[in-house]
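Secondary and tertiary structure notes
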Amino acid sequence: MEFNGKISAHCNLHLPGSSDSPASASRVAGITCACHHAWLILYVKTGFHHVSQAGLELLTSGDLPASASQSARITGVNHHAQPISNTFFPPQKREYLTVFYLLLGTRLLWKWMINIPHNIKILNLGEMAFVCLTIGCLYNFLISTTFGYTLSSDTKIEVYPPQDFEIVDPGYLGYLYLHWQPPLSLDNFKECTVEYELKFQNIGSETWTTIITKNLHYKDGFDLNKGIEAKIRTLLPWQCTNGSEVQSSWAETTYWILPQGIPETKVQDMDCIYYNWQYLLCSWKPGIAVLLDTNYNLFYWYEGLDRALQCVDYIKADGQNIGCRFPDLESSDYKDFYICVNGSSEDKPIRSSYFVFQLQNIVKPLPPGYLTLTQESLYEVQLKWSIPFGPIPARCFIYEIEIIEDDTTLATITVENEMYTLKTTNETRQLCFSVRSKVNMYCSDDGIWSDWSDKQCWEGEDLLKKALLLFLVPLGFISIFIVFINRLLLNKPNTSLEMVRCVTL
């Protein structure tokens, strides 16, 4: 029996076909390159000799079923190769191994092909293994490049959560620090950028605030009237884990301020107003069922102060502090402003109260002034007013105008300091309007309306009288002037005759 110098070998590439789901075909580039019972025959002119029979099985897979997710194995007669585990190759090094397989296998293929014409058909078992391995690696490489995927490791990659996760209170009345340390066992991922997913909320809130960061700390403001809960986990990006993000379990922590006193002892009806964007005033009422010896103290802090400060100008009533006038607050706009009001009493402990807001959202401007009303035509009336005095820019105002025409009231809003309106009828007896102002949405998230300006009115009857006067007075002057001229002209001849008589005498 002659084989004409041919080598009998069989290689199968298991490609994702019609029987595979689209998800598995696109997610996993499964490769099965098997040289089953390959007879390696050396042909010589005098005959042929049976060299060896060997089986070669190579399974290269990422996230394959259990039966196909074994390590690469080479089997042969009287030879037992050890499994090749991806454990020896960290994820960031496997692409170099793939390139190595490609180069070495390609060299062996080339060596075999150029020797075919010389009837040298020697191909040992190890070289045949690399041929199959090269075909598998090449398919792996092409599929990964085409679909943008990197095959996952046979070994499951795990990562620990961050260490020493805690919430620290630096004494800023609600502005807290969240600290943590890197997780253990990151030696295999030194070249990867480790990220952390941080979630936190006040206990009882409906939603979590989520932050993705590379840092080992985070700062934010909280309501200290409630407890705080937070959790964090480690994230390894897909570039470091063969195509899928790896997440650790959560590390969790909580923070509470131990309350003192019953809730009824804390201040009631706390109200803070930033008047005309210039000075802040806060007021409150004493707690329920507290004795007259109870006194309250206010502390405040915002970013830029090195420590919390106490109010130095209290508003008092019956010897108790019921409010605070704040000094000039430099660089305090568009920042969280934290306030704590605590108290003391010889009878019982007093519950502390915490508040946080931003000053630009509680601004109460001055009302507009110098209102004018001008009738432009029979029905059209112009309303105009001056911009409120103070440091608030003109572009930050919004105005509400209340127009009263006889017994009808109309309210409208504008961002300009003038507007035109139409009378409903020509028989309008009275038209009045007043204006108030507020900081608009371009300069704050909220605001407080100013007081209403004084009313400016237009009287229909007075206007008619003024119109008659403007018409009759000039007409009267003109009539008197005409009468005077006529009298002069009538008396002129008599005056000339008397002058002649005087000359004759």
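Scroll up for the structure.
The text that follows walks through the structure, step by step, so that each part is easy to find. It should be emphasised that the depicted structure is a prediction, and the values quoted were computed from it without experimental measurement. (Residues numbered from 1 in each chain as written. Predicted model: local features only at pLDDT ≥ 70, side-chain atom pairs only at ≥ 80, totals over all residues. Heavy atoms only, no water.)

Moving on, we come to the overall build of the chain. A count of helices and strands for the chain gives 4 helices and 29 strands. Considering the chain as a whole, with its 505 residues, one finds that 36% of them fall into the buried category. A separation threshold of at least 6 residues defines the contact pool for the chain, and within that pool the share at least 24 residues apart is 61%. A total of about 31000 Å² of accessible surface is found on the chain, and carbon and sulfur atoms cover 57% of it. (Helix = DSSP H or I, 4+ residues; strand = E, 2+ residues; numbered from the N terminus. Buried < 20%, exposed > 50% of the residue type's maximum accessible area, 1.4 Å probe, protein only. Contact = heavy atoms within 4.5 Å. Areas by Shrake-Rupley, 256 points an atom, 1.4 Å probe, with all protein chains shown as cover.)

Within the structure shown, the criterion is met by 7 salt bridges. Between Asp269 and Lys285 there is a salt bridge, with its nearest N and O atoms 3.5 Å apart. Within this pair, whereas Asp269 is found in strand 14 (residues 268-275), its partner Lys285 is found in strand 15 (residues 279-285), the two being separated by 16 residues in sequence. A salt bridge links Arg436 to Glu400; the shortest N-O distance between them is 2.7 Å. Residue Arg436 is located in strand 28 (residues 430-439), and its partner Glu400 is located in strand 25 (residues 397-405); the two are separated by 36 residues in the primary sequence. The exposure class assigned to Glu400 is buried, which follows from its relative accessible area of 15%. (Salt bridge = Lys/Arg side-chain N within 4 Å of Asp/Glu carboxyl O.)

Counting residues in hydrophobic clusters, the biggest one holds 77 residues, and the most contacted among them are Leu280, Leu298, Phe326, Phe337 and Ile339. Discounting chain neighbours no more than four positions away, the residues touching Leu280 are Cys272, Ile273, Tyr274, Cys324, Arg325, Phe326, Leu329, Phe337, Leu359 and Ile362. (Core = buried A, V, L, I, M, F, W, Y, C linked by side-chain atoms within 4.5 Å.)

Before going further, it helps to spend a moment on the environment of Phe357. Looking at the element boundaries, Phe357 is found in strand 21 (residues 353-358). Overall, Phe357 belongs to the buried group, its relative accessible area being 18%. When sequence neighbours within four positions are dropped, the list of residues in contact with Phe357 reads Cys272, Lys335, Asp336, Phe337, Ile339 and Ile362.

What follows deals with the pairing of strand 13 (residues 251-255). Going residue by residue along strand 13, you find Ala251, Thr253 and Tyr255 tucked away on one face and Glu252 and Thr254 left uncovered on the opposite face. As paired elements, strand 11 (residues 228-236) and strand 13 share 5 bridges and run antiparallel to each other. Looking across to strand 13, one finds that Lys231 is bridged to Glu252. (Pairing = 2+ DSSP bridges.)

All chains considered together, the criterion is met by 4 disulfides. Each disulfide pairs two cysteine sulfurs, and for Cys272 the partner residue is Cys282, the sulfurs being separated by 2.0 Å. Taking the sign of the torsion about the S-S bond as the criterion, the disulfide between Cys272 and Cys282, at about 115°, is right-handed. Taken together, the residues span a long stretch of sequence, with Cys272 in strand 14 and Cys282 in strand 15 at a distance of 10 residues. Here Cys311 engages in a disulfide with Cys324; their sulfurs sit 2.0 Å apart. Note on the Cys311 and Cys324 pair: the S-S dihedral is about 105°, so by sign convention the disulfide is right-handed. A residue pair is termed long-range when its members are at least 10 positions apart, and Cys311 in the loop between strand 17 (309-310) and strand 18 (314-317) and Cys324 in strand 19 (residues 320-325) qualify at 13 residues. Just as Cys311 is buried, Cys324 falls in that class too. (Disulfide = S-S within 2.5 Å.)

Let us look at the sheet that holds strand 18. Pairing is mixed across the open sheet formed by 5 strands, whose spatial order is 18-19-15-14-22. The two strands at the open ends of the sheet, each matched to only one other strand, are strand 18 and strand 22 (363-364). Bridging between strand 14 and strand 15 involves 6 bridges; their strand directions are antiparallel. The residue of strand 15 that forms the bridge with Asp271 is Ser283.

Let us now look at the packing of aromatic side chains. Under the criterion given, the structure shown has 19 aromatic pairs. Relative to Tyr218, the ring of Phe200 lies with its centre 5.8 Å away and its plane at 35°, an arrangement referred to as tilted. One end of the pair, Phe200, is in strand 8 (residues 195-202); the other, Tyr218, is in strand 10 (residues 217-221), with 18 residues separating them in the sequence. Residue Tyr218 is classed as partly exposed on the basis of its relative accessible area of 22%. Residues Phe200 and Phe222 carry aromatic rings whose centres are separated by 5.4 Å and whose planes lie at 70° to one another, so their mutual orientation is edge-to-face. (Phe/Tyr/Trp six-rings, centres within 6.5 Å; stacked < 30°, edge-to-face > 60°.)

Moving on, we get to the sheet that holds strand 17. Spatially, the 4 strands line up as an open sheet ordered 17-16-20-21, and their pairing is antiparallel. Edge strands, defined here as strands with exactly one partner in the open sheet, are strand 17 and strand 21. Note: strand 16 (residues 295-302) against strand 17, 2 bridges, orientation antiparallel. Counted as the bridge partner of Phe299 is Gln310 from strand 17.

As judged from the 5 bridges shared by strand 8 and strand 9 (residues 209-213), these two strands associate in the antiparallel manner. Within strand 9, the position partnered with Phe200 by the bridge is Thr209. The hairpin formed by strand 8 and strand 9 contains 6 residues between the paired strands, and Gly204 there has a positive phi angle of roughly 100°.

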